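# Survey of secondary and tertiary structure
Here is how the chains run, residue by residue.
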Amino acid sequence: MRVDLVFRRGVLVAVAATLTIVGTVVAIGPIDRAADPVTRRAVRVDPPEPAVVVGDSSIAALRWVPGAANAIVGFEHTLDLESCRRLYAESCIGREGRKPPTVFAALDFHASKYHTLIVATGYNDGTAGFASSFDQVVTKARTFGYQRIVWYTLRSAVDYVSPGQLGNHETFARNNAVLRDLVASGRYPEVVIADWGGYSADEVDWYVTDGVHYRQLGAWAAADYMTRKMAFIEGRACPTPTRPGKAVADPCPDPDVTGPVAEIAALYDIGRDGVLCYEIGDLHRVECRFDTHVIVLTRELRLGDLGDDVEALQVRLTRLQVKTDPADGVFGPSTEVAVAEFQRSVALVPTGIADVATLQALGFDTSTFASPPTTTTTPSTTTTTTTTTTTTTTTTGPMTTGPSTPVP
């Protein structure tokens, strides 16, 4: 096609124009009328600002679950997600065999490269010092020029107890309340609360039995939530619909208000549940394995037993609201009554003894159960399941910059 264009008295005129369509030459007449009037002026739209996400082992599933990070779209981001991370106090050694920098220390590494800091850390922190840790992190972020801090709330109706017994369901609820009070004080105008705890409170299928660590579905849901929350904060359209074939919302509504997306599995290719890809040690050697984070109990529990496994049982019964006194690791009469009450609720014989069937109904792993059952009072330990490594490769660096393709 060849078109010669000239302007004549404000009117665009086409002269000596021809159009060739599949070997046929077609003449085009002159354009001799005025252009249509402007009805909508172009508006400059600034691109989304870059963000860094600094998180602990809960949200680290965005790195561990193959493909999940690809659901974070619409803004430039870097994922700095580490197991056993704390806000300001020294971190613990995580499941990948290293002690990560705290959120406070990580800011020195990231410096002033980002506009937005997303903090999804807190399951390894206690209540004492939480307000101070919050202030330290915000103050450090200000020195590097961060314009916005998005702070995640924690799920509180959970069984998870952090290393060193610093955090549990009561701790998480109190810290959520402290966070809201700090933001409401007006001293931290750059902080925006992302109420992930409230958003995911009823989504039991997103989590393994500790209520904190994500299953595959939960990891994709968490990535989808982050995408929508950031689009809402920045006044953009939602990058993805809430179900296949539906138009995207523009502007994107606050997911904390609209609630969970019901069709996560229809929007994304979730993959096999339980397969996680860790980055082991300081060299970040990648190992993909089946790991369900389910608490393993190795014996039947009954009146008079002592140990961490008894405490794990008590915490589970408390979360299910069939036990009200504190978890102390001692299987006393109140625990026996609570076990019997739970057994009645699931149509088991109410013996008050936590046998295999009862523990399985409570969501524990009994695959390594001792036989015959023991009635000793020797303390035992609580562990999490891990199995055979299926993939081993190597990578460098602790972070993933999105969008990216995680190890399959």
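Thresholds, definitions, all that
Residues numbered from 1 in each chain as written. Predicted model: local features only at pLDDT ≥ 70, side-chain atom pairs only at ≥ 80, totals over all residues. Heavy atoms only, no water. pLDDT = per-residue confidence, 0-100. Contact = heavy atoms within 4.5 Å. Core = buried A, V, L, I, M, F, W, Y, C linked by side-chain atoms within 4.5 Å. Buried < 20%, exposed > 50% of the residue type's maximum accessible area, 1.4 Å probe, protein only. Helix = DSSP H or I, 4+ residues; strand = E, 2+ residues; numbered from the N terminus. Disulfide = S-S within 2.5 Å. Phe/Tyr/Trp six-rings, centres within 6.5 Å; stacked < 30°, edge-to-face > 60°. Lys NZ or Arg CZ within 6 Å of the ring centre and 35° of its normal. Expected span 1.5 Å × (residues − 1). Arc of directions from axis to C-beta. Polar contact = N/O pair within 3.5 Å; in protein donor to acceptor, adjacent residues only side chain to side chain. Axes fitted to C-alpha atoms, helices over the stretch in contact; angles between N-to-C directions. Parallel < 35°, antiparallel > 145°, perpendicular 65-115°, else oblique. Nonpolar A, V, L, I, M, F, W, Y, C, P; charged D, E, K, R; others polar. Salt bridge = Lys/Arg side-chain N within 4 Å of Asp/Glu carboxyl O.

Detailed reading of predicted coordinates is not advised where the pLDDT is low. Here the chain averages 83 in pLDDT, while 80% of its residues score no lower than 70. Under a pLDDT of 50 for its full length, residues 1-23 has, in the predicted model, 38 contacts with residues more than four places off or in other chains. Note on residues 372-408: pLDDT is under 50 here. Beyond four places in sequence and across chains, it has 97 contacts.

Turning our attention to the nonpolar core. The nonpolar side chains of a soluble globular protein tend to be buried with one another. Judged by nonpolar contacts, the single largest core of 40 residues is most densely connected at Ile59, Leu62, Ile118, Tyr152, Trp196 and Met226. Mapped onto this core, the elements with two or more residues apiece are β4 (51-55), α1 (61-64), β5 (77-81), β6 (116-120), β7 (148-152), α5 (196-199), α6 (216-233) and β9 (275-280). The element best represented in this core is α6, accounting for eight residues. Non-local contacts of tyrosine 152, meaning those with residues more than four positions away in its chain, are made with Ile59, Ile118, Val119, Ala120, Leu179, Ala194, Trp196, Tyr225 and Met226. Judged by nonpolar contacts, the second largest core, of 21 residues, contains Val52, Val103, Val137 and Ile149.

According to the stated counting rule, one finds three disulfides in the structure shown. There is a disulfide in this structure between cysteine 84 and cysteine 92, and the S-S distance comes to 1.8 Å. On the sign convention where negative is left-handed, the bridge of cysteine 84 and cysteine 92, at about -100° about the S-S bond, is left-handed. The pair cysteine 84 / cysteine 92 is uniform in exposure class, with both members buried. The disulfide partner of cysteine 238 is cysteine 252, and the gap between their sulfur atoms is 1.8 Å. With the S-S bond torsion at 85°, the cross-link from cysteine 238 to cysteine 252 turns out right-handed. Taken together, the residues cysteine 238 in the loop between α6 and α7 (255-258) and cysteine 252 in the loop between α6 and α7 connect sequence positions 14 residues apart. Across this residue pair, the class does not change: cysteine 238 and cysteine 252 are buried. Taken in N- to C-terminal order, the disulfide-linked cysteines of the chain are connected 1-2, 3-4, 5-6.

Once that is clear, we can look at the packing of aromatic side chains. Within a pair of aromatic rings, the relevant descriptors are the distance that separates the centres and the angle that separates the planes. Taken as a whole and assessed by the stated rule, the structure comprises 16 aromatic pairs. Summarising the aromatic geometry, the rings of tyrosine 207 and tyrosine 214 are spaced 5.3 Å apart at their centres and angled 65° between planes, so their arrangement reads as edge-to-face. Three or more aromatic residues joined by ring pairs make a cluster, and in this case those are Tyr152, Trp196, Tyr199, Trp206, Tyr207, Tyr214 and Tyr225. The ring of phenylalanine 104 carries lysine 140 above its face, with NZ or CZ at 3.6 Å from the centroid.

Let's shift gears to helix α4 (residues 169-184). For α4, built from 16 residues, the straight-helix expectation of 22 Å at 1.5 Å per residue is met to within 8% by its first-to-last C-alpha distance of 23 Å. Among all positions in α4, only Thr171, Phe172, Asn175, Asn176, Leu179 and Leu182 are buried. Taken down its axis, α4 places every buried residue within 135° of arc, on the same side. Opposite the packed face of α4, turned more than 90 degrees from it, sit the exposed residues Asp181 and Ala184. Tucked into the core, α4 has its buried residues touching α3 (130-143), β7 and β8 (191-194). The opening residue of α4, the one whose side-chain oxygen lies 3.0 Å from the backbone nitrogen of glutamate 170, is asparagine 168. Of the residues flanking the end of α4, it is glycine 186, one or two places downstream, whose phi is positive at about 85°.

Two numbers describe how helix α2 (residues 103-110) lies on α3: the axes approach to 9 Å, and their chain directions differ by 10°. Classified by the angle their axes make, α2 and α3 are roughly parallel. On α3, the residues touching Val103, Phe104, Leu107 and Asp108 of α2 are Gln136, Val137, Lys140 and Ala141. A per-class count over the contact of α2 with α3 returns five nonpolar, one polar and two charged.

Let us look at the pattern of salt bridges. Per the counting criterion, the structure on display carries 22 salt bridges. Ionic pairing is found between arginine 228 and aspartate 224, a salt bridge with its closest N-O pair at 2.7 Å. Placement of both arginine 228 and aspartate 224 in helix α6 is noted, with a separation of four residues, approximately one turn of the helix. The same class applies to arginine 228 and to aspartate 224, which are both buried. Ionic pairing is found between glutamate 287 and arginine 289, a salt bridge with its closest N-O pair at 3.2 Å. Through salt bridges with shared partners, one network takes in Arg63, Glu82, Glu96, Arg98 and Glu279.

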